[in-house]
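Here is what each chain is made of, one letter per residue.
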Amino acid sequence: MSFVIGFQPSLKPFSSEFSCRSDPATFCFSDAAGSVSSGRTNQWEFVDLVNRVCEILREFSWRDNPDLKKIAFRLTPSHVAKVIEIHKDAKSALQFFYWMGQRPEYHHNLDCLFALLKLLVRERLSRRAGHTLILMIKACASEGDILRVIGFLNEIESTGFGVTIEAYNTLLIQVGRFGSISIAKNLYSQLLTRGLRPTLLTFNSMINILCKKGKVKEAMVFYEQILATDYRPDTFTYTSLILGHCRNNNLEAAFRLLRRMVEEGNEPNSVTYSTLINGLCNGGRVDEGLNLLKSMIEKGCEPTVYTYTVPVTCLCASGRVGDAIFLVDDMKKRGCRPNVQTYTALISGLCTGNQLKVACGLYHEMLQEGIIPNTATYNALIDGICTEGRIEQALDLVKRMEKHGYMPNTQTYNEIIKGFCIAYKLETAMAVFNRMLKVGPSPTPVTYNTLINGYCGRGELNNAVRLFELMKECGCSPDEWTYTELIGGFCKRGHVEQAFDLFTEMCESGLNPNEITFTALIDGHCKNGKLDVGLSLMEKMHENGCEPNVHTYSVIISGLCNEKRVPEAMKRYGEMIDLGLLPNVVTYSTLVYGLCKEGNTYGAFKLVDEMIKQNCLPNLHTYAALVYGLCQEGKAEEAEVLIDKIIEEGWHPDHVIFTSLIGGYVLLGRLDHAFKVLLKMVHAGCEPSYRTYVALAKGIQNENKLQDEKWLVPFEEFDSSDIRDSGLNIDLFSRLLTMLLEMGYKPTVGTYSVLVGGLCREGKVCEADQLVCHMKSNGLSPNGSIYTSLLASYCKQLNVDRALEIFSLMVGEGFELALSTFKSLICALTEVSRIKEAQSVFQHILKQQWSPDDVAWTILLDGVLKAGKPEICMQFLHIMETNGNAPSFQTYIILARELSKDVKATETNTVADKSRVKDIDG
């Protein structure tokens, strides 16, 4: 019988000899030339083994042959298929097939079944051939396998082998597993052409395949055909149609079908109810889904684990983890054992809800229950662990994941990259990204967005843009979040023009800016003194069909308050309430700060009362604004009473609040009380900031003087430019440390780290170094943060000898150095023409296993090339290449473009040539 489906499937075998990776400079080839002789040897061994098996099978008692038992473990499905194909005795070949199938560690593949079916057809063993065909179809593990079976059946059509309706039905059921509508339609047309009468199972299979894709209208054609025959729709028919309506979120139609099936005498089963419950939950109607679950149980229909899985998942996704745990407990009481999906949903929900400890407990519980975690389970846990910055623990879990046979996927890599970014280890995150480019899996927009966000957070906007360009070059299209991250990053650094250019590019590329994009742009303009532009952008939001949200209004209100336009800010506050937008704690805190800044603490407290009436509780920012306002009005004692009150209520005031109070007492000339507040601050577990110590130092300097100070700002760190020339010196800080000791507060490494960091930011590196000597004399050893601050400051002053001393000391003591620190040192060395030492430091960088692109961007482009030293840039590039650390093709293009801005064209041509070679190699 002919079995032609209208197309010939491609059955070309996958070639394992060549695999091209993402990096255009990197390929993986098998040693084709060197393996010719070994290939021939293997071929002869294969033939010898097959021939030996055929010889043994000619024996009457071949099963007892000791040689067969010796060589059986060497036999693969390819050997078995060949034996069945060439062995002349069909009976012994068939017995050998069954004998091999019973051996442990061996499994037949499709090739074996193809060979067996050919044998059975040749021997006219129709019944066994039909049975083997069913087994072959059921063995298909992918759509590709289905296509191979179809292609094979096309090949043997000339033998007259007839495919029964049962075989067609089995094919349709298997096709349904993989959701290929086109193959299903071709199969159905073919069986009609061959004169076969569809059964109810045929119709139901077609309906199910179509409804899984939401194609209910097409499925109804087959439903009508059922009604036109002597068949009647059954529970499976209706359940499939209900599934289709649920996939289309047409729950009303789904429930109408439920009523119809009951009226026609078809009882809903657990699959029917599960489908409806899933439809309700996925449509955001979780409580209705839970009610249907109760109704199902009351009607005597027992739920299965699949009934519970989606409700548990949806409850966790909506933050109702407690309800989800209660549901799982009920599930266990009913004797329904949770599966890996149930546990994964709970673990994911707990991790999202910052309950990592409970999530880890569930992970161990599932292991004790004998349930093997899958990739999704591990990813959920890894994400939770990385979010807490515990990257080493996350990496251990990845190793355990691999040990259990689950390879990390793109999501795993994305979570690890996010973890490194959270832990401020962007260089390591880029190294992971570089591995993805080279060996896979391919980075997704999430990967790029995470890294772009990391660069923007560190203020390395050039690298963020380079990664953005690399993303496009690699064929990964930027999405709304890519542009939003970049726009936000440029706005935070005051580069609103570049941010606006990106916004324009985003719109021109067909992407629609969302509320977050607009709000980031508005915030950037407001903070950079362009409030009117921010207000006009808010109007543009309306024009683009993007309505301002609470955060947008909060940003506008903040901008108005910063420009001392508090009445207008209050007007916007009223406007958002009229629009039905409930102000949040950020909105209220911003207004409270604006009122306090104008000296209207009475109005600020009144607004806080209103805030509480609206069920919006104040946070530390709110209280910080009130404390600032009171201290500004000379009411430090009232501010301290307020702080004591919030401590009693369970709040933990931060350094901003305590520093404002210390500044308040300093303004009143009550330095002794300011120091008492410092002790209270330390005892409360709050680390003083540099601004705290500066406030006390200025109090010492100006003791018994009252003067208006600009540095009393609650929301932001103290701007060191206000004290750069204030006369604060090492003697003053030494006096401060002595007074702290006299009061019973022993300065720690953390204390010195804060002071040294602050002094270095002001350019007072000599004073900072003297403080380090002071701490050493007190038996304290500097930490990595202290050394990094000193090194960066000495580099800025081109004191490379002292910088190299500190660098050697850090390397010797095993401190981690950031790439930006290396850049500072190399730039300083090249600036004073100490090239060999710069090269030596650069060689040290290449030992860190960092991403070559990250190194090239930071050191070559933003370092030596930006300093106007293209020759040194080329020397470093050569060092990278000779050490096997060549950057990507895209980075060569960037280098060529940057070098072209220099008058010297030789280096540009060299890099351009290299980029062309990389392009050809790719």
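Residues numbered from 1 in each chain as written. Predicted model: local features only at pLDDT ≥ 70, side-chain atom pairs only at ≥ 80, totals over all residues. Heavy atoms only, no water.

Q: What should I look at first to understand the overall build of the chain in this one?
A: In terms of regular secondary structure, the chain is built from 49 helices and two strands. Once the C-alpha set of the chain is aligned to its principal axes, its extents read approximately 115 × 75 × 55 Å. Within the chain, residue pairs in contact and separated by at least 24 positions form 64% of the contacts whose partners lie at least 6 positions apart. Carbon and sulfur atoms make up 51% of the accessible area of the chain, which totals about 44000 Å². Taking the 94 positively charged and 106 negatively charged side chains of the chain as two groups, their mean positions are separated by 6 Å. (Helix = DSSP H or I, 4+ residues; strand = E, 2+ residues; numbered from the N terminus. Contact = heavy atoms within 4.5 Å. Areas by Shrake-Rupley, 256 points an atom, 1.4 Å probe, with all protein chains shown as cover. Lys, Arg positive; Asp, Glu negative; His and termini not counted. Charge placed at Lys NZ, Arg CZ, Asp CG, Glu CD.)

Q: Even after reading the chapter, I still don't get unusual backbone geometry, so can you show me in this structure?
A: Leaving glycine out, the prevailing phi sign among residues is negative, and the prevailing peptide bond configuration is trans. For the bond running from Gly-440 to Pro-441, omega is -5 degrees, close enough to zero to count as cis. Counting through the fold element by element, Pro-441 comes out in the loop between α23 (426-439) and α24 (445-457). In the Ramachandran plot, Glu-105 falls in the positive-phi region, its phi being about 65 degrees despite a non-glycine side chain. Among the secondary structure elements, Glu-105 is positioned in the loop between α4 (90-101) and α5 (110-122). Here Glu-105 falls in the exposed class, since its relative accessible area comes to 80%. A positive phi is found at Arg-124, a non-glycine position, where the angle reads about 60 degrees. (Buried < 20%, exposed > 50% of the residue type's maximum accessible area, 1.4 Å probe, protein only.)

Q: Any chance you could explain helix α45 (residues 835-846) here in plain terms?
A: For an α-helix, 3.6 residues make a turn, and residues three or four places apart therefore share a direction. Across its 12 residues, α45 extends 17 Å between first and last C-alpha, which sits within 8% of the 16 Å expected from 1.5 Å per residue. Of the positions making up α45, those classed as buried are Ala-838, Val-841, Phe-842, Ile-845 and Leu-846. Take α45 and look down its axis: the buried residues cluster within an arc of 150 degrees, on one side only. Those residues of α45 hidden inside the fold are in contact with α43 (800-812), α44 (819-831), α46 (852-865) and α47 (870-882). (Expected span 1.5 Å × (residues − 1). Arc of directions from axis to C-beta.)

Q: Which parts of the structure should I look at to understand the nonpolar core?
A: Across soluble globular proteins, nonpolar side chains have a tendency to be buried as a group. The biggest cluster of nonpolar side chains holds 294 residues, and the ones touching the most others in it are Phe-96 and Phe-842. Looking at this core, the element that brings in the most residues is α5, giving 10 residues. Excluding residues that lie within four positions of it along the chain, Phe-842 makes contacts with Ile-826, Val-855, Ile-859, Leu-860, Phe-876, Ile-879 and Met-880. (Core = buried A, V, L, I, M, F, W, Y, C linked by side-chain atoms within 4.5 Å.)

Q: When you look at empty space enclosed by the protein in this model, what are you seeing that I'm missing?
A: Take a probe with the size of a water molecule and roll it over the atoms, and the empty space left behind shows itself. Under the counting rule described, the total for this entry stands at three cavities of 30 Å³ or more. In this structure, the second largest cavity is lined by Ile-845, Leu-846, Gln-849, Trp-850, Pro-852, Val-855, Met-880 and Asn-885. (1 Å grid on protein atoms, 1.4 Å probe; cavity = no way out; pocket = protein on both sides within 12 Å on 5 of 7 lines; lining within 4 Å. Points joined across faces, edges and corners; volume = space filled by probe spheres on them.)

Q: Looking at this model, I keep getting lost on the side chain of Thr-410. Mind explaining?
A: Along the chain, the position of Thr-410 falls in helix α22 (residues 410-422). On the basis of relative accessible area, Thr-410 is assigned to the buried category, the value being 19%. Setting aside residues up to four positions removed in sequence, Thr-410 forms contacts with Met-436, Pro-441, Ser-442, Thr-444 and Thr-447.

Q: What is the right way to look at the packing of aromatic side chains in this model?
A: Working definition: an aromatic ring pair is given by the centre-to-centre distance plus the angle between the planes. Applying the stated criterion across every chain yields a total of 23 aromatic pairs. Ring centres 6.3 Å apart and planes at 70 degrees place the aromatic pair Trp-62 and Phe-96 in the edge-to-face group. Separated by 34 residues along the polypeptide, Trp-62 in the loop between α1 (36-57) and α2 (66-71) and Phe-96 in helix α4 bring together distant segments of the chain. The class of Trp-62 is buried, set by a relative accessible area of 2%. Taken together, the aromatic side chains of Trp-62, Phe-96 and Trp-99 make up a single cluster linked through ring pairs. (Phe/Tyr/Trp six-rings, centres within 6.5 Å; stacked < 30°, edge-to-face > 60°.)

Q: Help me understand helix α37 (residues 671-683) in this model?
A: Between the first and last C-alpha of α37 there are 19 Å, a value that for 13 residues agrees with the 18 Å anticipated at 1.5 Å per step. Residues of α37 that are buried: Leu-671, His-673, Ala-674, Phe-675, Val-677, Leu-678, Leu-679 and Met-681. Buried positions along α37 lie against α35 (636-648), α36 (655-667), α38 (690-701) and α39 (730-742). Directly after α37, the chain includes Gly-685, whose backbone phi takes a positive value near 80 degrees.

Q: I'm lost on the state of the cysteines in this one. Help?
A: Structurally, a disulfide amounts to a covalent bond that connects the sulfur atoms of two cysteines. With the rule as written, the count across this model stands at zero disulfides. The structure places no disulfide on Cys-112, whose sulfur is separated from the nearest cysteine sulfur, that of Cys-54, by 14 Å. By relative accessible area, Cys-112 is classed as buried at 0%. Sulfur of Cys-281: no disulfide; nearest cysteine sulfur belongs to Cys-314 and is 4.9 Å away. (Disulfide = S-S within 2.5 Å.)

Q: Would you take a moment to explain the pattern of salt bridges for this structure?
A: In a structure, side chains of opposite charge can pair up when their charged atoms sit close to one another. Under the criterion given, the structure shown has 35 salt bridges. Two residues, Arg-834 and Asp-801, come together in a salt bridge whose shortest N-O distance is 2.9 Å. Residue Arg-834 is located in the loop between α44 and α45, and its partner Asp-801 is located in helix α43; the two are separated by 33 residues in the primary sequence. A relative accessible area of 23% places Arg-834 in the partly exposed class. Take Asp-801: its relative accessible area is 44%, and that puts it in the partly exposed class. The partner of Glu-837 in a salt bridge is Arg-834, and the shortest N-O contact between them spans 2.7 Å. Using a relative accessible area of 30% as the deciding quantity, one classes Glu-837 as partly exposed. A cluster of three or more residues bridged by salt bridges with shared partners is formed by Arg-52, Glu-55 and Asp-67. (Salt bridge = Lys/Arg side-chain N within 4 Å of Asp/Glu carboxyl O.)

Q: Help me out: how do you make sense of the packing of helix α30 (residues 550-562) against helix α31 (residues 566-578) in this one?
A: The angle between the axes and the distance between the axes are what describe a pair of packed helices. Packing of α30 against α31 leaves a shortest axis separation of 8 Å and a crossing angle of 165 degrees. Judged on the interaxial angle alone, α31 and α30 are roughly antiparallel. Pair α30 / α31 crosses with left-handed handedness. Residues Val-550, Tyr-553, Ile-556, Ile-557, Leu-560 and Cys-561 of α30 form the contact with α31, whose participating residues are Val-566, Glu-568, Ala-569, Arg-572, Tyr-573, Glu-575 and Met-576. Tallied by class, residues from the contact of α30 with α31 come to 10 nonpolar, no polar and three charged. (Axes fitted to C-alpha atoms, helices over the stretch in contact; angles between N-to-C directions. Parallel < 35°, antiparallel > 145°, perpendicular 65-115°, else oblique. Left-handed = near helix turned anticlockwise from the far one by under 90°. Nonpolar A, V, L, I, M, F, W, Y, C, P; charged D, E, K, R; others polar.)

Q: Can you walk me through the environment of Leu-732 in this structure?
A: You can see Leu-732 is positioned in helix α39. Residue classification places Leu-732 among the buried residues on the basis of a relative accessible area of 12%. For Leu-732 and Val-694, which are 38 residues apart along the polypeptide, the C-alpha to C-alpha distance reads 9.9 Å. The residues contacting Leu-732, other than those within four sequence positions of it, are Ala-697, Ile-700 and Gln-701.

Q: Any chance you could explain the environment of Glu-610 here in plain terms?
A: Mapped onto the elements of the fold, Glu-610 is located in helix α33 (residues 601-613). Given the relative accessible area of 30%, Glu-610 is considered partly exposed. Between the alpha carbons of Glu-610 and Tyr-588 there is a distance of 9.4 Å; along the sequence they are 22 residues apart.

Q: Quick question: what am I supposed to make of the side chain of Thr-342 here?
A: Of note, Thr-342 is situated in helix α18 (residues 340-352). Ignoring sequence-local partners within four residues, the contact set of Thr-342 consists of Val-305, Thr-309, Val-312, Val-328 and Met-331.

Q: Just checking my understanding: could you explain the packing of helix α11 (residues 216-228) against helix α12 (residues 235-247) for this structure?
A: Across the interface, α11 lies against α12 with an axial gap of 10 Å and an inter-helix angle of 165 degrees. Judged by the angle between their axes, α11 and α12 are roughly antiparallel. Once α11 is placed against α12, the crossing between them reads as left-handed. Along its contact with α11, which presents Val-216, Ala-219, Met-220, Tyr-223 and Ile-226, the element α12 presents Thr-237, Tyr-238, Leu-241, Gly-244 and His-245. Residue composition of the contact of α11 with α12, grouped by class: seven nonpolar, three polar and no charged.

Q: Would you explain the confidence of the model for the chain in this entry?
A: Detail in the predicted coordinates should be disregarded across regions flagged by low pLDDT. Per-chain confidence: the chain averages 86 in pLDDT, with 91% of residues scoring 70 or above. When mean pLDDT is compared element by element in the chain, helix α42 (residues 784-796) scores highest at 96, while strand β2 (residues 27-29) scores lowest at 27. Per-residue pLDDT stays below 50 along residues 1-39; that stretch engages in 64 contacts with residues further than four places along the chain or on separate chains. Low pLDDT, under 50, characterises residues 704-725; the predicted model gives this stretch 56 contacts beyond four residues in sequence or across chains. (pLDDT = per-residue confidence, 0-100.)

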